[in-house]
Amino acid sequence: MTVPSSPSPLPGDASSNEGIGTGTAGDAVATTSAEPADGPDTFAHSVDDAVETPRKRRRWRWLAVPVGVVGALGLVYAADVAASWDDVPRNTTVEGVAVGGMSLIDATALLESSAVERETSDVPVRVGEDTYAVAAGPAGLTLDAEATLDPVSDTMWNPIDRITSFWEPTELTAVVTAGDGLDARLQEIAEDIGTTRVDAGVRFDGVTPVPVYPRDGLVLDVEAARDAVLASWFAGGVVSLPLKGDPAVGTRQMVDTAIASVAAPAVAGPITVTAAGKSTEVQPSQITQALRFSLSEEGLKPTLDPKALET
């Protein structure tokens, strides 16, 4: 059997430029290649580099923005420090007295001069509806200017505090001290106001037992009043002094029990007392002069006054 042969390619035929491969069956297979001369890996790296380069440029462009902001803030901070490195931060006041932008020396002098005016005047204080006066001089009221400004001395170099001071005010509390004269004056006021507590007890009206039921008192809170004067003196104005309750001792039940079990029977009639072989009769009116009641953990405890009995 004769197998026809394939025609030979003519010179100049396009198929003559293709490579010829022989398969297992003898078929001719045409192959072409679009890969660069350096191989497939080199081609892949070239494509990746072309894509990555714009990304890197965009990344560095975004990183440059915060760096620029930080640099600008650093310049602002440096300029502010150079202009006012030893000054009290701007927008600073002490109980209404503006000291911002001053040097510590000038601010201290201003506060001390403001305190001198207050040291020669009286401090009006109010307790309920009553008003009293506390003389600042005898009370020993004075301002510690250095201690008052001490909180801002730690923030003078703080960049955040310096920048925020452009729009955020700082209010300092005056540091005020006082002498024993203030306590003495407040004690005088305390004795003049309020209501005294009443503790549980029993008294006699003639020979009749009278219950004394406990009643809480209302007194001046001297310690809190001192703090109020110190806190408000430099700012001026009327100072309100606080009151506090003064709880009574004992209960109504204690009173009722003492009367029913001791006081009432004791004055129900004469009592015969025998001593050294002699007897005498003690009248209820005499018993009331010697019988006393004192508070204890168990209640109202009855006691007798020996001298009163002897008489």
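Quick summary incoming for the structure in this document. (Residues numbered from 1 in each chain as written. Predicted model: local features only at pLDDT ≥ 70, side-chain atom pairs only at ≥ 80, totals over all residues. Heavy atoms only, no water.)

### Points about helix α4 (residues 145-153)
Residues separated by three or four positions in an α-helix point in the same direction, a consequence of the helix having 3.6 residues per turn.
Okay, so step 1: Among the residues of α4, those classed as buried are A145, T148, L149 and V152. Buried residues of α4, viewed axially, fall in a sector of 80°; they line one side.
Okay, so step 2: Where α4 is buried, its residues meet β3 (92-94), α2 (104-119), β7 (142-143) and β8 (170-172). (Buried < 20%, exposed > 50% of the residue type's maximum accessible area, 1.4 Å probe, protein only. Helix = DSSP H or I, 4+ residues; strand = E, 2+ residues; numbered from the N terminus. Arc of directions from axis to C-beta. Contact = heavy atoms within 4.5 Å.)

### Describing the packing of aromatic side chains
Okay, so step 1: On inspection of all chains with the given rule, the structure shows 1 aromatic pair.
Okay, so step 2: Seen from their ring centres, W233 and F234 are 6.5 Å apart, and the 65° between their planes marks the pair as edge-to-face.
Okay, so step 3: On the basis of relative accessibility, which here comes to 5%, the residue W233 falls in the buried class.
Okay, so step 4: By relative accessible area, F234 is classed as buried at 1%.
Okay, so step 5: Positioned above the aromatic ring of F234 is the side chain of R118, whose terminal nitrogen or guanidinium carbon lies 4.3 Å from the ring centre.
Okay, so step 6: Above the face of the Y213 ring, R252 is positioned so that its terminal group lies 3.7 Å from the ring centre. (Phe/Tyr/Trp six-rings, centres within 6.5 Å; stacked < 30°, edge-to-face > 60°. Lys NZ or Arg CZ within 6 Å of the ring centre and 35° of its normal.)

### Some details on the nonpolar core
Okay, so step 1: Among the nonpolar cores identified, the biggest contains 36 residues, and L111, V125, L141, I189, W233, F234 and L241 are the most heavily contacted of them.
Okay, so step 2: Apart from residues no more than four positions distant in its own chain, L111 is found in contact with V94, V97, V99, L143, A145, T148, L149 and F234.
Okay, so step 3: Counting residues in each nonpolar core, the second largest holds 14 residues, with A200, A258, V267 and V282 among its members. (Core = buried A, V, L, I, M, F, W, Y, C linked by side-chain atoms within 4.5 Å.)

### Considering the sheet that holds strand β6 (residues 130-135)
Okay, so step 1: Strands sit in the order β6-β5-β13 across an open sheet of 3 strands; the sheet is mixed. Each edge of the open sheet is held by one strand with a lone partner, namely β6 and β13 (239-240).
Okay, so step 2: Running at roughly 160° to β6, helix α6 (residues 180-192) makes contact with β5 (122-127) and β6 of the sheet. (Pairing = 2+ DSSP bridges. Axes fitted to C-alpha atoms, helices over the stretch in contact; angles between N-to-C directions.)

### Structural notes on the sheet that holds strand β4 (residues 97-98)
Okay, so step 1: With mixed pairing, 3 strands are arranged side by side in an open sheet as β4-β3-β8. For this open sheet the edge positions go to β4 and β8, each flanked by a neighbour on one side alone.
Okay, so step 2: Bridge count for β3 against β4 is 2 bridges, and the pairing is antiparallel. Bridging from a neighbouring strand, V94 pairs with V97 of β4.

### Re the packing of α6 against helix α7 (residues 222-232)
Okay, so step 1: Contact geometry for α6 and α7: axes closest at 10 Å, N-to-C directions at 125°. In terms of axis orientation, α6 runs oblique to α7. Crossing angle aside, the handedness with which α6 passes α7 is right-handed. Between α6 and α7, the residues in contact are L182, D183, L186, Q187 and A190 and V222, A225, R226, V229 and L230, respectively.
Okay, so step 2: A class-by-class count of the residues in the contact of α6 with α7 yields 7 nonpolar, 1 polar and 2 charged. (Parallel < 35°, antiparallel > 145°, perpendicular 65-115°, else oblique. Left-handed = near helix turned anticlockwise from the far one by under 90°. Nonpolar A, V, L, I, M, F, W, Y, C, P; charged D, E, K, R; others polar.)

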